[in-house]
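# Close look at the chain arrangement
These are the residues of each chain, in order.
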Amino acid sequence: MTKKHYANWPKDYQDPSWFTHDRFGMFIHFGLFSLAARHEWIMTTEQITPADYKRYFDHFDPDQLDIAGWLDQAVEAGMKYVVLTTKHHEGFALWNSQLTSYKVTETPFEKDIVQFFVDEARKRQLKIGFYYSLIDWHHKDFTLDGLHPLRENQFARDTKDQRQMRNYREYLKGQITELLTNYGPIDYMWYDFSYPHRDWGWSKGKGNLDWDGEGIENLTRSLQPHILINDRLDLNRGVKTPEQYQPHHPIVEDGKPVLWEACQTMNESWGYDKYNANWKSVDQILKMLVDTVSKNGNFLLNIGPTARGAIDDLTKERLDGIKVWMKKHERSIVGCEPSDFISPLDCRLTQKDDRLYVHIFSWPYRHIHLKDLQGKVCYAQFLHDRSEVFIEEFDRNQVITSTETHIEAGDIVLNLPVIKPDVAIPVIELFITDNRP
């Protein structure tokens, strides 16, 4: 397979073809914030001091931890890679880090969760990603800024210059070295996040110069040369990661495609949040997945397990709905790319070699018109049951009356049943004899 060139992917970066092939991944947010159950940013939104936040550390004991179950759900839903929060902004390490006592092995749970995650992912042949926060509100040398939980604490503000960011940079690199040395091959490093554009007057946001983004990038690639890296080191390269919104067109820069991944939650929180009722429906999630792939992106869908380590019922309902659809339609997603053919109204197109997939978002009456496909389709079928779909082509000799649909020269029409098939998003598979538009 020829390596494709992306605007945000330097030529000396590793080949991302596994990533663009797999298309669908699971994000997992799990940490001390899971006990609070009211958003993973609670430490800063409620301005909780590190001393007060320690109550979650003292009571962290996920007695129903079911990483095998999480990953079984991922596999059954057609996901091909998984990304775990090894450390979020709260600074808590889910592995047995030798650089801090603020880690899972010092809690009542005592066991290395990252190790469990890696072992179970490998059993299922899932690609492995580590989320790692560049922010750390617990570390004594992480300098205060406008996002820090102590931002309104005048004593902390007055003594912020005693914090040494250079010490924190070494800590970052030490923990990254542990993660990329102790767990075998890792496929994807998901750093989070840089914010140099923020300015609060008394402090500014942090970016490349604060983290030494280039140093972290070099370290990451030296330890795992094959690894993929996202774009949040403030280096203007790596997998672009739009979060909680869907780009309205394929992302292109300087005439080249951009390697990107849409990151979405099931409600409005990444961590478990029992108070957040703004849940996306199964149909919405599936439409975002299809829409993303049709625009040459990947889709990373989040779950936030409870503090006991289980998946809550509302998350399960959505995963179950995704499983039902993906079981019948996975081949219109995995291994697919956008199509150069023009998408009909209320549809999205994906394509894999000589197969064109028409995802129907809004069920029409009787007909779907497809441009520039006359003479290029030898067969059409619904993907969920392989039932034939009849095709009509332009016929210059046809007599059009008030009962026939008009077909433009060069177009084809798919003749559909009046009643929508009983699947969330019907997909029609077209067998293309000539895929040039």
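The notes below deal with the structure included here. (Residues numbered from 1 in each chain as written. Predicted model: local features only at pLDDT ≥ 70, side-chain atom pairs only at ≥ 80, totals over all residues. Heavy atoms only, no water.)

## Details of the overall build of the chain
When helices and strands are counted, the chain shows 12 helices and 17 strands. Relative to the 2.2 N^0.38 estimate, which gives 22 Å for 437 residues, the radius of gyration of the chain is 24 Å and therefore close to what a compact globule would have. Once the C-alpha set of the chain is aligned to its principal axes, its extents read approximately 85 × 45 × 40 Å. For the chain, restricting intrachain contacts to residue pairs at least 6 apart in sequence, the fraction spanning at least 24 positions comes to 71%. In the form shown here, the chain has an accessible surface area of approximately 19,000 Å², with 47% of it arising from carbon and sulfur atoms. The chain carries 52 positive and 65 negative side-chain charges, and their two centres are separated by 2 Å. (Helix = DSSP H or I, 4+ residues; strand = E, 2+ residues; numbered from the N terminus. Rg over C-alpha atoms; globule rule 2.2 N^0.38 Å. Contact = heavy atoms within 4.5 Å. Areas by Shrake-Rupley, 256 points an atom, 1.4 Å probe, with all protein chains shown as cover. Lys, Arg positive; Asp, Glu negative; His and termini not counted. Charge placed at Lys NZ, Arg CZ, Asp CG, Glu CD.)

## A few points about helix α4 (residues 50-58)
Taken together, the buried positions of α4 are occupied by Tyr53, Tyr56 and Phe57. Angularly, the buried residues of α4 cover 100° about the axis, an arc narrow enough to put them on a single face. As for α4, its buried residues are in contact with α2 (33-36) and α3 (42-45). (Buried < 20%, exposed > 50% of the residue type's maximum accessible area, 1.4 Å probe, protein only. Arc of directions from axis to C-beta.)

## Side note on helix α5 (residues 67-76)
Looking only at α5, the buried set comprises Ile67, Gly69, Trp70, Leu71, Gln73 and Ala74. On its buried side, α5 packs onto β1 (24-28), β2 (81-87), α6 (113-123), β9 (297-303) and α12 (313-329). Positive backbone phi, approximately 85°, marks Gly78, located one or two places after α5.

## Observations regarding the sheet that holds strand β11 (residues 347-352)
Two pairing modes exist for strands in a sheet, parallel and antiparallel, and in both the strands are linked by backbone hydrogen bonds. Here 5 strands make up an open sheet; going across it, the order is β10-β11-β12-β17-β14 and the pairing antiparallel. Both edges of this open sheet fall to β10 (337-338) and β14 (377-382), since each of them pairs with a single strand only. Examined bridge by bridge, β10 and β11 share 2 bridges and lie antiparallel to one another. Bridging across to β11, Pro338 finds its partner in Thr350. Each of β10, β11 and β12 (355-360) is contacted by helix α11 (residues 282-294), which is oriented at about 55° to β11, the strand it contacts most. (Pairing = 2+ DSSP bridges. Axes fitted to C-alpha atoms, helices over the stretch in contact; angles between N-to-C directions.)

## Notes on the packing of aromatic side chains
Taken as a whole and assessed by the stated rule, the structure comprises 29 aromatic pairs. Centroid distance Phe30 to Trp70: 5.5 Å. Interplanar angle 75°. Geometry classified as edge-to-face. Of this pair, Phe30 sits in the loop between β1 and α2 while Trp70 sits in helix α5, and the two are 40 residues apart along the sequence. Here the aromatic cluster, defined as three or more aromatic residues joined through ring pairs, consists of Phe30, Phe57, Phe60, Trp70, Phe92 and Tyr102. The ring of Phe109 has Lys111 lying over it, and the distance from NZ or CZ to the ring centre is 4.4 Å. (Phe/Tyr/Trp six-rings, centres within 6.5 Å; stacked < 30°, edge-to-face > 60°. Lys NZ or Arg CZ within 6 Å of the ring centre and 35° of its normal.)

## A word on the packing of helix α8 (residues 165-179) against helix α10 (residues 213-223)
Packed helix pairs are specified by the crossing angle of their axes together with the interaxial distance, meaning the distance between the axes. Running from amino to carboxyl end, α8 crosses α10 at an angle of 20°, the nearest separation of the two axes being 10 Å. When the axis of α8 is compared with that of α10, the two are roughly parallel. The crossing of α8 and α10 is right-handed. Listed contacts from α10 to Leu172, Lys173, Ile176 and Thr177 of α8 are Gly215, Ile216, Leu219, Thr220 and Leu223. Of the residues assigned to the contact of α8 with α10, the class counts are 5 nonpolar, 3 polar and 1 charged. (Parallel < 35°, antiparallel > 145°, perpendicular 65-115°, else oblique. Left-handed = near helix turned anticlockwise from the far one by under 90°. Nonpolar A, V, L, I, M, F, W, Y, C, P; charged D, E, K, R; others polar.)

## Re the pairing of β1
Most of β1 sits out of view: 5 of its 5 residues are buried. Residues of β1 alternate between two faces, with Phe24, Met26 and Ile28 on one and Gly25 and Phe27 on the opposite face, all of them buried. Here β1 runs beside β9; their pairing, made up of 5 bridges, is parallel. Bridge assignment links Ile28 to a residue of β9, and that residue is Ile303. Relative to β2, β1 runs parallel, the two being bridged by 4 bridges. Bridging across to β2, Gly25 finds its partner in Tyr81.

These results come straight from atomic positions and should not be treated as a statement about function.
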